[in-house]
Amino acid sequence: MQLLQKLRDSTALSKVLEDVVEAEGIARSLSTSIINFLSSTSPVIAYTYTGLGYVAASLSYWLTVAMSTQSTLIADAEDLSIHVLPYRDDVSTIIFSTGEYSKLFAALQAMRVLNVNYKAYAPEPVDERTRLLAKHYQVEMFPSTDAFKASLVLALATFFAHTKVYRNRLESRGKRLSAHSEEGFACIALSLIEKYTSVLEKAVGANRLVVTSSRILEPSALLLTRALLEAGLDAAYTPLMEILQSSSTPILIAYSSVEDRFVKEIRSRGAANIVELVFNTDPLEANLYLTLIAYFLAKLSRT
């Protein structure tokens, strides 16, 4: 069965939903650990990542910037351990990994040497030697079948944690995000896919596709691009500012409704074949919505 058909196949969608429910349960457990770590951090909190952990790290960063007065930064694990941590002694770090263990261990070794206060999360490896190394570096491991699922688990976990910590910030916004966090996202996953099915069909039906997004949605848009590639599409992510003035290639742009100026900007450059994936929700939540969509596409393309 082709991916286009699977997007409207209730049985296939229900099977993916079972995975999402399981991921949400794992994420709830991990969120408690994240909350505990956030209560004992240094003046600066750095969110870092390997692989598809970029989604969780970026989500953590934006939640902290938007809802906290704590200083924060984001960088991939290698850049952080080489260019930042050796020159700072006021940084605590949370590292999100989706199974790139050699990069993870290299970063954690540097953090150990530099006496950095850190917390690391990664899917439990299959081989015993890697698992023992992960235990040595005190990595909090969780069950996951692949990098896409690990990315979803970590994104949900950090959203659950930060919205609980900051639920009394920004008045109604903080309370609203916290309420959505408590409700979870598995309960809306199928309706989310149904809402965007026609948009996804346009994207999946294209021979070639350029994916772009607002800056805040870049991590989940990259995840979506990888899902489309795994589904056999000729897709590539291009930052918004690098979109060419005129192109016959369809452009899929992901953004939240408060960021509609981005579509106007692309149209002003002469782009006509635009597929819009617009989320009428808080930009801080939109990353999770797009992550869920990417996860469904990735899983459906494998079944």
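Look up a bit, the structure's there.
Below is a summary of the structure that appears in this document. Throughout, a residue's number is its position along its own chain's written sequence, starting from 1. Where local features are concerned, this predicted model is filtered to residues with pLDDT of at least 70; where side-chain atom pairs are given and counted, the filter is 80 or more; whole-chain, interface and lining totals use all residues. Side-chain measures were taken over the full set of non-hydrogen atoms in the model, leaving aside hydrogen atoms and water.

A short note on the side chain of Thr-72
Then, in step 1: In this description a helix means any DSSP run of H or I spanning at least four residues, a strand means any run of E spanning at least two, and both kinds are numbered starting from the N terminus. Mapping Thr-72 onto the fold places it in strand S2 (residues 71-76).
Then, in step 2: Between N or O atoms, a polar contact is any pair within 3.5 Å; within protein, one atom must be a potential hydrogen donor and the other a potential acceptor, and residues adjacent in sequence are included only when both atoms are from side chains. Of the polar contacts made by the side chain of Thr-72, one reaches the backbone oxygen of Ile-45; its length is 3.0 Å.
Then, in step 3: If sequence neighbours within four positions are ignored, Thr-72 has contacts with Val-44, Ile-45, Tyr-47, Tyr-61, Thr-64 and Val-65. Any pair of residues with heavy atoms lying within 4.5 Å of one another is described as a contacting pair.

Quick word on helix H9 (residues 186-204)
Then, in step 1: Under the convention used throughout, the expected extent of a helix is 1.5 Å for every residue step, that is, one less than its residue count. Over its 19 residues, H9 runs only 23 Å from end to end, short of the ideal 27 Å by more than 12%, given 1.5 Å per residue.
Then, in step 2: We define the bend at each residue as the angle formed by axes fitted to the 7 residues ending at it and the 7 residues starting at it. Along H9, the largest kink reaches about 60 degrees and is centred on Thr-197.

Some remarks on the packing of aromatic side chains
Then, in step 1: Pairing of aromatic side chains requires ring centres within 6.5 Å, counting the rings of Phe and Tyr and the six-membered ring of Trp. Pairs whose planes differ by under 30 degrees are stacked, by over 60 edge-to-face, and all others tilted. In total, this model carries nine aromatic pairs according to the counting rule given.
Then, in step 2: On the basis of an interplanar angle of 80 degrees and a centroid distance of 5.4 Å, the ring pair of Tyr-61 and Trp-62 is categorised as edge-to-face.
Then, in step 3: Taken together, a centroid distance of 6.1 Å and an interplanar angle of 20 degrees make the contact between Phe-96 and Tyr-121 stacked. Note that Phe-96 is positioned in strand S3 (residues 91-97) and Tyr-121 in strand S4 (residues 117-123), a separation of 25 residues in sequence.
Then, in step 4: Linked through ring pairs, Phe-159, Phe-185, Tyr-196, Phe-279 and Tyr-289 together constitute an aromatic cluster.
Then, in step 5: A cation over a ring is seen here: Arg-28 above Phe-160, with NZ or CZ 3.8 Å from the ring centre. Lysine NZ or arginine CZ positioned within 6 Å of the ring centre and within 35 degrees of the ring normal marks a charge as sitting over the ring.

Some remarks on the sheet that holds strand S9 (residues 274-279)
Then, in step 1: A pair of strands is considered paired only if DSSP assigns at least 2 bridges between the two. Taking strand neighbours across the sheet as the criterion, the four strands line up as S7-S6-S8-S9 in an open arrangement whose pairing is parallel. Looking along the sheet, the strands with just one partner apiece sit at the ends: strand S7 (234-237) and S9. In this sheet, adjacent strand axes meet at a mean angle of 20 degrees when their direction is disregarded.
Then, in step 2: Pairing of strand S6 (residues 208-213) with S7 involves four bridges; the strand directions are parallel. Between N-to-C directions, angles span 0 to 180 degrees; the directions come from axes that are lines fitted to C-alpha atoms, helices contributing only their stretch in contact.

Quick look at the packing of helix H10 (residues 218-230) against helix H12 (residues 283-302)
Then, in step 1: Where H10 contacts H12, the two axes come as close as 9 Å, and the packing angle between them is 10 degrees. Considered as vectors, H10 and H12 are oriented roughly parallel to each other. Contacts between H10 and H12 involve Pro-219, Ser-220, Ala-221, Leu-223, Leu-224, Ala-227, Leu-228 and Glu-230 on the former and, on the latter, Asn-287, Leu-290, Thr-291, Ile-293, Ala-294, Leu-297, Ala-298, Ser-301 and Arg-302. What sets the label is the angle itself: under 35 degrees gives roughly parallel, over 145 gives roughly antiparallel, 65 to 115 gives roughly perpendicular, and the rest give oblique.

Details of the sheet that holds S3
Then, in step 1: Taken together, the five strands give an open sheet; going across it, the order is S2-S1-S3-S4-S5, and neighbouring strands pair in parallel fashion. The open sheet terminates on both sides in strands that have one partner only, identified here as S2 and strand S5 (139-142). Neighbour-to-neighbour, the strand axes of the sheet open up by a mean angle of 15 degrees, direction not taken into account.
Then, in step 2: Where strand S1 (residues 44-50) and S3 come together, seven bridges link them in parallel fashion. Residue pairing for S3: Tyr-49 is matched across the bridge by Phe-96.
Then, in step 3: Running at roughly 165 degrees to S4, helix H5 (residues 101-113) makes contact with S1, S3, S4 and S5 of the sheet.

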